[in-house]
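# Summary of structural features
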Amino acid sequence: MSVRAHGTPQRSGAYVLELAVEAPLELAFGRFQGGRVFRLAPGRVYYVGSALAGRLPGRLLRHATRAGGPPHRMRGELLAHFQALGWAVRPPERKTLHWHADYLMESPAELAAVYLFYGNTPREAFLEDALRALGAEPLAPGLGAGDRPGGSHVLWAPAPLPLLPGS
């Protein structure tokens, strides 16, 4: 299963999206750094985020939906995970590109895993630091991390990282 959860299930929490980059990828994150194009080698890209106030299921289903083209294959698994918890959720048909994560999710990189950390406490900084400690490299200061000066919620690693035991 590619959805891995930690903590008591609730509709709030932090998350890490793991995307598989199979071939070299060039990607701009909207107007970030004037539309700068980032060149990513094959490996894994991680996006750290949170959704508090009951927004976690909707946020993750939105991330797994593309503005154009089919959704990420994992969207069905995410939907099944939330439905197994008894949560009535429905993924959006399409989305508009708004956050830095949206541009990443629109790329050819495929969503490979979702790590859920249930709770009402913001944990993006902790998760970013954990990814760095495991060897992930931030793409650029401020990318996806407007709430953490100097931080980056988008990181790259040459191979999958063990974020939770057994992963």
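Owing to the predicted nature of the structure, the values given are computational and were not obtained by experimental measurement.

### Some details on the overall build of the chain
- Within the chain, the secondary structure is distributed over four helices and eight strands.
- Written out in order from the N terminus, the α and β elements of the chain read β-β-β-β-β-α-α-α-β-α-β-β.
- Relative to the globule expectation of 15 Å for 167 residues, the C-alpha radius of gyration of the chain, 15 Å, shows essentially globular dimensions.
- Projected onto the principal axes, the alpha-carbon positions of the chain cover approximately 40 × 35 × 30 Å.
- Counting over 167 residues, the chain shows a buried share of 49%.
- A separation of at least 24 residues holds for 73% of the contacts in the chain among residues at least 6 apart in sequence.
- Counting 18 positive and 13 negative side-chain charges, the chain places the centres of these two groups 5 Å from one another.

### Remarks on the pattern of salt bridges
- Taken as a whole, this structure holds six salt bridges when the rule is applied.
- Where Arg44 meets Glu18, a salt bridge forms, and the shortest distance between an N and an O atom there is 2.6 Å. Of this pair, Arg44 sits in strand 5 (residues 43-51) while Glu18 sits in strand 2 (residues 13-21), and the two are 26 residues apart along the sequence.
- Judged by relative accessible area, Glu18 falls into the buried class, the value being 4%.
- Via salt bridges that share partners, Arg62, Lys95 and Asp102 belong to a single interconnected network.

### Observations regarding the nonpolar core
- Within the largest apolar cluster, 37 residues are counted, with the highest numbers of intra-cluster contacts made by Leu17, Phe29, Leu60 and Leu116.
- Ignoring anything within four residues of it in the chain, the contact list for Phe29 reads Arg36, Phe38, His100, Tyr103, Leu104, Leu139, Leu143 and Val154.
- Listed in part, the 15 residues of the second largest apolar core include Ala14, Tyr46, Ala113 and Ala136.

What counts, and where the lines are drawn
- Residues numbered from 1 in each chain as written.
- Predicted model: local features only at pLDDT ≥ 70, side-chain atom pairs only at ≥ 80, totals over all residues.
- Heavy atoms only, no water.
- Helix = DSSP H or I, 4+ residues; strand = E, 2+ residues; numbered from the N terminus.
- Rg over C-alpha atoms; globule rule 2.2 N^0.38 Å.
- Buried < 20%, exposed > 50% of the residue type's maximum accessible area, 1.4 Å probe, protein only.
- Contact = heavy atoms within 4.5 Å.
- Lys, Arg positive; Asp, Glu negative; His and termini not counted.
- Charge placed at Lys NZ, Arg CZ, Asp CG, Glu CD.
- Salt bridge = Lys/Arg side-chain N within 4 Å of Asp/Glu carboxyl O.
- Core = buried A, V, L, I, M, F, W, Y, C linked by side-chain atoms within 4.5 Å.

In short, geometric facts, not functional conclusions.
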